[in-house]
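Read off the chains here:
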Amino acid sequence: MAPDADLPPPSAPEVDLPQVVDGIAVARLYGEPLFALPTDLYIPPDALEVFLEAFQGPLDLLLYLIRKQNFNILDIPMADVTRQYLRYVDQIRKQNLELAADYLLMAAMLIEIKSRMLLPPKKTDDGAEPEDPRAELVRRLLEYEQMKLAAARLDALPQLGRDFLRAQVTVEQSLAPRFPDVSVDELRDAWADIIKRAKLHQHHKISREQLSVREYMSVVLKRLQGQRFVEFQDLFDVTRGAPVMVVTFIAMLELARERLLELTQAEAFAPIYVRLAYTPT
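Note that the coordinates shown come from a computational prediction; the quantities given were computed from them, not determined experimentally.

A. Spatial organisation of the sheet that holds strand 5 (residues 272-276). The sheet built from three strands is open, its strands ordered 3-5-4 with antiparallel pairing. Taken across any chain shown, the strands that pair with only one partner, and hence form the sheet edges, are strand 3 (230-231) and strand 4 (261-265). Direction of pairing for strand 3 relative to strand 5: antiparallel, over a ladder of two bridges. Each bridged residue has a counterpart across the sheet, and for Val 230 the counterpart in strand 5 is Val 274.

B. Fine view of the packing of helix 5 (residues 184-199) against helix 7 (residues 242-257). Axis separation between helix 5 and helix 7 bottoms out at 11 Å; the angle between their running directions is 160°. Between helix 5 and helix 7, the angle is such that the two are roughly antiparallel. Handedness of the crossing formed by helix 5 with helix 7: right-handed. Across the interface between the two elements, Leu 187, Trp 191, Ile 194 and Ala 198 from helix 5 touch Met 245, Val 246, Phe 249 and Leu 253 from helix 7.

C. Focus on the packing of aromatic side chains. Within the structure shown, the criterion is met by five aromatic pairs. Look at Phe 232 and Phe 249: their rings are 6.4 Å apart centre to centre, the planes differ by 85°, and that puts the pair in the edge-to-face class. Here Phe 232 is found in the loop between strand 3 and helix 7, whereas its partner Phe 249 is found in helix 7, with 17 residues between them in sequence. Side by side, Phe 232 and Phe 249 carry an identical accessibility label, which is buried.

D. Representation of the nonpolar core in the model. Formed by 26 residues in total, the largest nonpolar core has its most connected members in Leu 224, Phe 232, Leu 235 and Phe 236. Taken together, the elements giving at least two residues each to this core come down to helix 5, helix 6 (213-224), helix 7 and strand 5. Beyond its immediate chain neighbours, meaning those up to four positions away, Phe 232 contacts Leu 187, Ala 190, Trp 191, Ile 194, Phe 249, Met 252, Ile 272, Tyr 273 and Val 274. Judged by nonpolar contacts, the second largest core, of 24 residues, contains Leu 61, Leu 62, Val 89 and Leu 110.

E. Expanded view of the pattern of salt bridges. Scanning the entire structure with this criterion turns up 13 salt bridges. Between Asp 155 and Arg 162 there is a salt bridge; the shortest N-O distance is 3.1 Å. Assessed through its relative accessible area of 43%, Asp 155 is described here as partly exposed. Take Arg 162: its relative accessible area is 41%, and that puts it in the partly exposed class. Three or more residues are tied together by salt bridges with common partners; here these are Glu 136, Arg 139 and Glu 143.

Calculation criteria
- Residues numbered from 1 in each chain as written.
- Predicted model: local features only at pLDDT ≥ 70, side-chain atom pairs only at ≥ 80, totals over all residues.
- Heavy atoms only, no water.
- Pairing = 2+ DSSP bridges.
- Helix = DSSP H or I, 4+ residues; strand = E, 2+ residues; numbered from the N terminus.
- Axes fitted to C-alpha atoms, helices over the stretch in contact; angles between N-to-C directions.
- Parallel < 35°, antiparallel > 145°, perpendicular 65-115°, else oblique.
- Left-handed = near helix turned anticlockwise from the far one by under 90°.
- Contact = heavy atoms within 4.5 Å.
- Phe/Tyr/Trp six-rings, centres within 6.5 Å; stacked < 30°, edge-to-face > 60°.
- Buried < 20%, exposed > 50% of the residue type's maximum accessible area, 1.4 Å probe, protein only.
- Core = buried A, V, L, I, M, F, W, Y, C linked by side-chain atoms within 4.5 Å.
- Salt bridge = Lys/Arg side-chain N within 4 Å of Asp/Glu carboxyl O.

What follows is the structure, given as structure tokens:
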């Protein structure tokens, strides 16, 4: 017979709960008061990480430690700075060994500088005072601080997409149609067509006529005044024969060269129109 066969099973220890729980319980679970935090909860180590400062590298960390404690950068207390630096390196080495590699290299440099400062200085061959072991570190820190301040000033400048947006304005095109330029081939074909029509009105009356290009330039300008557009073929009087039409055509070419009239065409193979290129006064 088992020695504990007649004994009742052990009961859970009774907890003397107070009648008033408001202001006493640390939390409520499913409506029941909770007077102490549970001790069997497992929280992963990486579940909550708080970064108080973010450093861009070993020099950034050193500069932070020096400026935060108002140390003179030209006279760095290597013992205090090295101690604080190594404490930070120990923390990041537990989390990220690859990240700590660069910081460990700087830590070795700090320890070397500190050890050189503990040894008696040796004079150089020319009898001059030896260089301060901290000189190279100070130079690197000053250069880094200048670059960091310059980067901060650049970052403070307004940036497109962050501080302002580029305005886009759509300009409506003019509703007036812009006629394409007349090609040389189309002008030649139109002239050839007029010559063919002129040959249909040939006669055998022979007369001598003095023709002036300047005179017909004036005739063409008068013909175009008060007209918005005049068709190319309407400027020629086919009844007066080929000489008059030749002079008229030369007069038109001269006016076009002097930019006094324009030749326009709405589309390919469409009629050619002539208009003044200036507004008469």
